Every structure is written in C-alpha cells, then in structure tokens.
Amino acid sequence: MEKKVLLGNEAIARGAYEAGCHVATAYPGTPSTEILETIARDYREIRSQWSPNEKVALEVAAGASVSGGRALAAMKHVGLNVAADPLFTFSYTGVNGGFVIVNADDPSAWSSQNEQDNRHLARAAKVPMIEPSNPQEAKDFTKLAFDLSEEFDRPVIVRITTRIAHSQGIVELGERQEVPVKPFVRNPQKFVMLPAHARPRHVFIEEQHKKLKEYSNRSPLNRIEWGNKKRGIITDSVAYQYVKETCPDDSVLKIGMVWPMPDDVIREFAAGVEKLYVVEELDPFIEDYVKALGIPCTGKEIIPICFELTPDIVDRALNGKIKGGAYPKYETNPVPPRPPALCAGCPHGFVFTVLKKLDLHVNGDIGCYTLAALPPYSAMHTQGCMGAGIGMHLGMEKAHGPEMARKSVAVIGDSTFVHSGITPLIDLVYNKGTGTVIIMDNRGTAMTGHQDHPGTGKTLSGEETHTLDLELLVKAIGVKRVVVTDPKNVEELERIVREEVAAPEPSVIISKRKCILIK
Amino acid sequence: MKNVIFAGVGGQGVILASKILMEVAKNAGYDVKESEVHGMAQRGGSVDCNVRYGDRVYSPLIPREEADFIVSLEMLEVMRKLEYLAPGGRLIVNTEKVNPAPVQTGAMQYPPDLREWISKNVKNALFVDTSGMLKEVGTRKALNIVMLGILSRDLEFTREQWESAIKSLVKEKFLDMNIKAFNLGREYN
Ligand code: SF4
C-alpha cells in the first residue's frame, strides 16, 4: 500500500474517507480546521460543509447518522462546548449510521482562549472516546470509530490535541470501503427524547457502557508494552511518544481508549510493576481514575497540569535529567519578543485606530482582531468566547445604566457574528439596550485561514450559494440605526462611531473591507 | 536519527521547507515525524518546524540540545531556538533582519551585536546573505527553498532525490523557480 507523509488532521480526513463516511461538517477552529479542508479538497465522495457553528455542525452530522449515513463532525475543544447540548442528548439517542465527533484540544492554548481538557466531556456525556498518538493512528482510529459507533450504538469521540493535529508522519493508506446509506426507520422511542423516552435510553446507555468497558479491556487500543518492571508508566495521546522517547526501557500501558477506561488492564499492569506513574497532558484524568480503583500512582506531583508536555518535561520529571548549558545565555540586550500581530494594512487596524483615539471600552470577540488587545492598539478590554462581546456589552449597560453605552462598543467579525453574535444582538434590542455593535466584515474567517461562511456566498467546496445579507438581518432583528462603511476612510469611520455611540438607541456599524490576504 | 529545526517568521514558508525534507527522507526509507505551528502564531509571530527522521521516530518534538541543524530564516529567531541545538550542531542563519513589533514601534531595539555574539558562541555557525540569490531567482518568496538548498549540502540525499521531492510538493507553475532557488542554495559557498 502507498505510504504518504500526512498531517494528523489530513490523516483523520483519510480515515473518514476509507471508512466510507458520507457527510462531514465543521466550523473552522485551530487546531481542527484542516480536517474538513482536506475532505473538501481530496475526498469529494464525502459531502462536506462548513456550518455556521459547531452546534449546527454536530446536529447536521447527527441527522445524517440517524437517517442511516456515516457522518463526522470536527471541532476544536471550545467548539464542543458550543455543541455540548446536542452531544449530551445524541448520546441518549445513539446512532444509525456511524457517528464520529473529532475533538481537538489545544494544550498550551496556542490558538485558543483556554486549555480545557475534553476527556471530561466524554465521561460527562457518556460517550466513548479514543485517542490516537500519531498520524497513522489518527487515520486508523478514525476509521475504527465508525465501526465502534455502529456496533455499540453510540456517537464516538476521537480526541486529538494540537501536537497530533499539527504534526506530520508517515501513514499507510488503505482503500475506501463503500458503505451503503441505511434506510431511515421511524423510531420515536429512540429518536425523540421525550422524558418518557429519555429515561429508558439512559438505562440503555449504561448497559452499553458496561459492554464498552469489556471492549476497552480486550481492545488493542489499550496496550501493555512490558519492559523493565521496576517502573510502569500509564500514558495517552502524544505523551506516549514522549514517554517512549525518554524512557525506552520502562513498561508502558498505552491508553488508546480513554473512555470507558480498561479497569482490568490497568489492574494487571499495576500488579506487574514496582512503581506506577501516569504521564498525561492537562488534567489528572487517568490518574484520578486509577486512584479511584484503589491503585496508588504518581502523576501530577511531578507532571505539570498546565501547558502541553514536551520530551524535556517528561525526561526531567521521570529521569531527573535537566538540559541546558551547551551554549551560554545571551545577556547583553533583551531579545525582543515577536508576538503575532495584525497584518500591515489589515482592515481591523483602521477600526481600532478609531476606537483607541475615542478611548472607548471595547467588548471584543474571537478572531484576528483579538490581537488589538495588544500594543500598538491596546484597544480591547473584554473577550471571552465566540459571540460573548455583544452580550457583555449589554450586561455592562444593565449594570451601569445607559451612560455606559455612551462610552463603549462591542466589536465582532462577520464569521463570529454568524456563529454566535445574532442571538445576543436580538437580546440587546429585546431588552432595550442602547449600545453600538461594530461588525467588522472582512469577508471571511481570517484567523483560521480565510474560510468561507454564510456571509461570503461560497460553500466549503467553493460553490456559489446565497449570500447572507448582514444589513438586512440586523434590520430584521429590530436595529433601526444601521450604517455600512469602508473603514479605510478613517475620518468618516470616526464620525460614524461618534454619532452611533452617542445615539440613545441600538445601532450597528458594518465596517466592510476584505481581509488583505483574501484573494 | 537526524533532527532539523526550521525557524522563522510567520509567512516565510518554514512549513513547505520541512515538508520537502520529510518527503526526501520518507522516499529514502526513513521513518519521519514533524511538528508545526498553525493559527494565531502565524500572524507575523515566531514560527518553527521540527523535523526528525531515522529508523524509528517517536516524539514529533525535538528535545533540547538534540537538534543537529537549526536553519533560521531570520537572525533574531536563532535566539529563541538555540537551546535546542546539539553541542557542535550546525546553525545556518539568514542574516536578514525582520523587525518584530516592539522594534517597529520603537519600544525595544533589535540587538545590534547578535551576529558577533553568535559567531563567538556557536562554533558551527554559517551566516548567509541570501539577497543576491533571491535577486537571481526573482522573488523573495524563495527564501525558504534557498535555505533548504544550503542545508542539503550537509545531508546525505542526492540532488535527484531533492528535485523529485520538490516536484511532488510544489505547484507546476512555481516548479522552475523553486528548483532554481534550491540549486542556488545547494551550490552556495
Ligand atoms: S489575516 Fe486578514 S483579518 Fe487577519 S490580521 Fe491579516 S489582514 Fe487582518
């Protein structure tokens, strides 16, 4: 079979292709974006799409699955928060065609607002989760996830992290297996979660959980590699690679299925070694579980809970090896940092020049423009998650009175507005806020690589489609003061911002100019 | 096992350079792993790629003091990666400076003595002025491939192996430009 160097995300796309996946959905988000981009580019057999947000993406995939197709939804860790509502209930309904959710965590928050550990979500949603540790496994595990999903009637989460998503390695390719789309069979007891239906489904999934635990115990996903029995290390995901690199002689239990956990295998492994360690990124998920089984082990006392691991961190924690000193430290001058920054000529730059000059409180959002919180603009003062800025803007007005809205704005990008900004704007109008929202419409999802969205008039596969008219939408919400302007005319923009912020009623400024990197 | 770090600034093309190296190594029968940076950091921030090849590679990240080569497309970026260079490891530096934001705004200065300090403290350093070669290629975008060509002089693979890897990864219309850039680097002295 052909061997190719693939990015972890490309390998996942390949796994979906080989599994005969029919439908794939996502909203772009680092480090998960390339999964759908690869599917759209290389595997046209799969109908793929950007959805407006992760909740919709997961629901579209659920519809495909429930009606008999094999479906995949991909998202970053915080995206699964947005999609948590459908996740928790489609856990109850189960599937028809295989249903795989790819969740990409971002330890070290390289391109995220937090570094949450979504292994907890598998447990909370009672959904099996498997974790590849390299691109080859990323492909193989994704493929397997579709089979597991159908065998156990559960959605299955494939959890990757930045170092799996964005690292490359050699992958042996296989053929696509053509799987027919099964018929949709009406079954409200399974697919309509009325309380009377949900209760027996809960009982059912607890039974499935037991079966999955048996599977976890016998599955090659969880593998003991016996070495020196003095020290045994339980590990998962990319941490496994760091353990193999730095502790080649030790015994290792590699966890590939992290939920449900393989109790018997853990017991067998623990009994076979003198001292037991757990090496995992972020939270003590495995460690707490092992301790709850009554097995003593060492984990977070020596392995940091914050930020991603590296081979150096593992080497130091387990072997006491500290490197450094091969070269002297450069100390004559400070080394200037090179933080990411808005591109020269970025349309957002004009907006923040004005906001800085007017010294307004700026409720920001998620996108390239979040960088305006840093110098030279330093003109963003709050930011939480996708769409949060508009709701916070209203909240400030509620706490301080309308005069607060006379000295503040909310700013949000076009893609983020479509993702999560519409409902808070409805709230602002409905609850009689008077604030100004600036939609910085740069005609794409720039931060993650200029993907299309409903406002650009193009689909993921590049087809023309209806262009969502933001101006019309905002007016329909009930905003009477709507101004569309090109921010490049900074003086004009300043005049408009002054006027709209001063006006004692809701207003929206659509600052429209294409990102300079979009062709 | 060989470990190579490509360092630079977002947009300089370190990912393509490492992809080509990986392809060459894979075709030569080696196991290959790599780690790269996407997303926010790419907006003009510091970026780097770790490439490793050998009989069996586990970690996609190179441990400290184990890089056989650091290829830096910008001089300041050397300072952020030097702790990864193996004792005696080879450092290949493009002498061009790209001012980071704090220097552009005047808040900090670009350390004036970097080159001097590096040549004093890193015995195996090669400073390259790529401007002439880039002029000859006709585009500054070829910097990554010129630097890859320079690196290639110290690696075991043949010119044919490199060219076939470049062919498989570069778009047809940019192929001649990239092959030219690669060979200029490879013949640099
Ligand atoms: S990619 Fe586009 S939106 Fe992002 S900083 Fe650059 S110009 Fe601005």
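Above this text you will find the structure in question.
In what follows, the accompanying structure is described. (Residues numbered from 1 in each chain as written. Chains lettered and ligands numbered in written order. Predicted model: local features only at pLDDT ≥ 70, side-chain atom pairs only at ≥ 80, totals over all residues. Heavy atoms only, no water.)

### Here we look at the overall build of chain A
Move 1: Summing up its helical and strand segments, chain A has 20 helices and 18 strands in all.
Move 2: Here chain A has a C-alpha radius of gyration of 25 Å; the compact-globule value for 519 residues is 24 Å, and the two agree.
Move 3: Buried residues in chain A amount to 61% of all 519 residues.
Move 4: Considering only contacts within chain A whose residues lie at least 6 apart along the sequence, 76% involve residues at least 24 apart.
Move 5: Where the 60 positive side-chain charges of chain A centre and where its 65 negative ones centre are 1 Å apart. (Helix = DSSP H or I, 4+ residues; strand = E, 2+ residues; numbered from the N terminus. Rg over C-alpha atoms; globule rule 2.2 N^0.38 Å. Buried < 20%, exposed > 50% of the residue type's maximum accessible area, 1.4 Å probe, protein only. Contact = heavy atoms within 4.5 Å. Lys, Arg positive; Asp, Glu negative; His and termini not counted. Charge placed at Lys NZ, Arg CZ, Asp CG, Glu CD.)

### Observations concerning the pairing of strand β1 (residues 2–9) of chain B
Residue and element names in this part refer to chain B.
Move 1: Most of β1 is tucked away: 7 of the 8 residues are buried.
Move 2: Two elements, β1 and strand β3 (residues 46–54), share 8 bridges in a ladder whose sense is antiparallel. Opposite Val9, over in β3, you have Ser46 as the bridge partner.
Move 3: In terms of strand pairing, β1 meets strand β4 (residues 67–72) through 4 bridges, oriented parallel. (Pairing = 2+ DSSP bridges.)

### Things to note about the interface of chain B and chain A
Move 1: Taken together, the contact pairs 58 residues of chain B with 53 residues of chain A.
Move 2: In this assembly, chain B packs against chain A so that about 4500 Å² is buried in total across both faces, 60% of it on carbon and sulfur atoms.
Move 3: Linking chain B with chain A are 4 salt bridges.
Move 4: The residue Lys323 of chain A makes a salt bridge to Glu66 of chain B at a minimum N-O spacing of 3.0 Å.
Move 5: The tally of links from chain B across to chain A stands at 24 residue pairs in polar contact (both at pLDDT 80 or more).
Move 6: Looking at the side of chain B that touches chain A residue by residue, the classes come out as 29 nonpolar, 13 polar and 16 charged.
Move 7: Relative to strand β2 (residues 31–35) of chain B, strand β8 (residues 167–172) of chain A runs antiparallel, the two sharing 3 bridges. Along β2 of chain B, the bridge assignment pairs Gly169 of chain A with Lys33 of chain B. (Buried area = accessible area lost by both parts, 1.4 Å probe. Salt bridge = Lys/Arg side-chain N within 4 Å of Asp/Glu carboxyl O. Polar contact = N/O pair within 3.5 Å; in protein donor to acceptor, adjacent residues only side chain to side chain. Nonpolar A, V, L, I, M, F, W, Y, C, P; charged D, E, K, R; others polar.)

### Some points on the pairing of strand β13 (residues 275–279) of chain A
Residues and elements named next belong to chain A.
Move 1: Burial analysis of β13 places 4 of its 5 residues in the buried class, which makes it a mostly covered element.
Move 2: As paired strands, strand β10 (residues 228–236) and β13 are joined by 5 bridges and run parallel to one another. Paired with Gly232 across the two strands is Leu276, which belongs to β13.

### Notes on the sheet that holds β4 of chain B
Move 1: Pairing is mixed across the open sheet formed by 8 strands, whose spatial order is β1(A)-β8(A)-β2(B)-β3(B)-β1(B)-β4(B)-β5(B)-β6(B). The outermost strands of the open sheet, each flanked by one partner alone, are β1 (3–7) of chain A together with β6 (125–128) of chain B. Going from strand to strand, the sheet's axes swing by 20° on average, the running direction of each strand aside.
Move 2: Strand contacts of helix α7 (residues 135–152) of chain A: β1 and β8 of chain A, with the helix running at about 60° to β8 of chain A, the strand carrying the most contacts. (Axes fitted to C-alpha atoms, helices over the stretch in contact; angles between N-to-C directions.)

### Overview of the packing of helix α1 (residues 14–27) of chain B against helix α7 (residues 159–169) of chain B
All names here are of chain B.
Move 1: Closest axis-to-axis distance for the α1/α7 pair is 9 Å, and the angle between their directions is 125°. Here α1 is positioned oblique relative to α7, judged by the angle of their axes. Where α1 crosses over α7, the two elements pack in a sense that is right-handed. Touching Leu16, Lys19, Ile20, Leu21, Glu23 and Val24 of α1 are Gln161, Trp162, Ala165, Ile166, Ser168 and Leu169, all from α7. (Parallel < 35°, antiparallel > 145°, perpendicular 65-115°, else oblique. Left-handed = near helix turned anticlockwise from the far one by under 90°.)

### Re the sheet that holds β10 of chain A
Residues and elements named next belong to chain A.
Move 1: The sheet built from 4 strands is open, its strands ordered β9-β11-β10-β13 with mixed pairing. Two strands bound the open sheet, and with one partner strand each, they are β9 (223–225) and β13. The average undirected angle you get between the axes of adjacent strands in this sheet is 20°.
Move 2: One ladder, built from 6 bridges, connects β10 with strand β11 (residues 250–255); its direction is parallel.

### Digging into the packing of helix α11 (residues 239–246) of chain A against helix α14 (residues 311–319) of chain A
All names here are of chain A.
Move 1: It is the contact of α11 with α14, at a shortest axis distance of 9 Å, that shows an interaxial angle of 55°. As the angle between them shows, α11 and α14 are arranged oblique. The element α11 and its partner α14 pack so that their crossing is right-handed. Residue-level contacts link Tyr242, Val243 and Thr246 of α11 to Pro311, Val314, Asp315 and Asn319 of α14.
Move 2: Here the contact of α11 with α14 is built from residues that sort into 4 nonpolar, 2 polar and 1 charged.

### A closer look at the pattern of salt bridges
Pairs can form between side chains of opposite charge whenever their charged atoms are close.
Move 1: Under the defined criterion, the tally for this structure stands at 49 salt bridges over all chains.
Move 2: One salt bridge connects Lys323 of chain A with Asp312 of chain A, and the closest N-O pair in it is separated by 3.9 Å. Taken together, the positions of Lys323 of chain A in the loop between α14 and α15 (347–358) and Asp312 of chain A in helix α14 put the pair 11 residues apart, joining distant regions of the chain.
Move 3: With its nearest N and O atoms 3.1 Å apart, the salt bridge here joins Asp154 of chain B to Arg90 of chain B.

### Thoughts on a positive patch on the surface
Move 1: Judged by side-chain charge, Lys519 of chain A together with Lys141, Lys171 and Lys173 of chain B come together as a positively charged surface patch.
Move 2: Secondary-structure assignment places Lys519 of chain A in the segment after β18 (507–512). (Patch = residues over 30% accessible without salt bridge, like charges linked within 9 Å, V, L, I, M, F, W, Y side chains within 5 Å. Areas by Shrake-Rupley, 256 points an atom, 1.4 Å probe, with all protein chains shown as cover.)

### Here we look at the site of the ligand
Move 1: Neighbouring the ligand are the residues Leu342, Cys343, Cys346, His348, Cys368, Asn442, Ala446, His450, Cys515, Ile516 and Leu517 of chain A together with Arg43 of chain B.
Move 2: Around the ligand, the neighbouring residues derive from chains A and B rather than from a single chain.
Move 3: Of the residues in the shell around the ligand, the class split is 8 nonpolar, 3 polar and 1 charged. (Near = heavy atom within 4 Å.)

### As for the side chain of Asp117 of chain A
Residue and element names in this part refer to chain A.
Move 1: Tracing the backbone through its elements, the reader meets Asp117 in the loop between β5 (99–105) and α6 (119–125).
Move 2: Judged by its relative accessible area of 5%, Asp117 is buried.
Move 3: One polar contact links Asp117 to Arg119, side chain to side chain, over a distance of 2.7 Å.
Move 4: A distance of 3.1 Å separates a polar atom in the side chain of Asp117 from the backbone nitrogen of Asp283.
Move 5: When near neighbours in sequence (up to four residues on either side) are disregarded, Asp117 contacts Asp105, Arg159, Glu281, Leu282 and Asp283.

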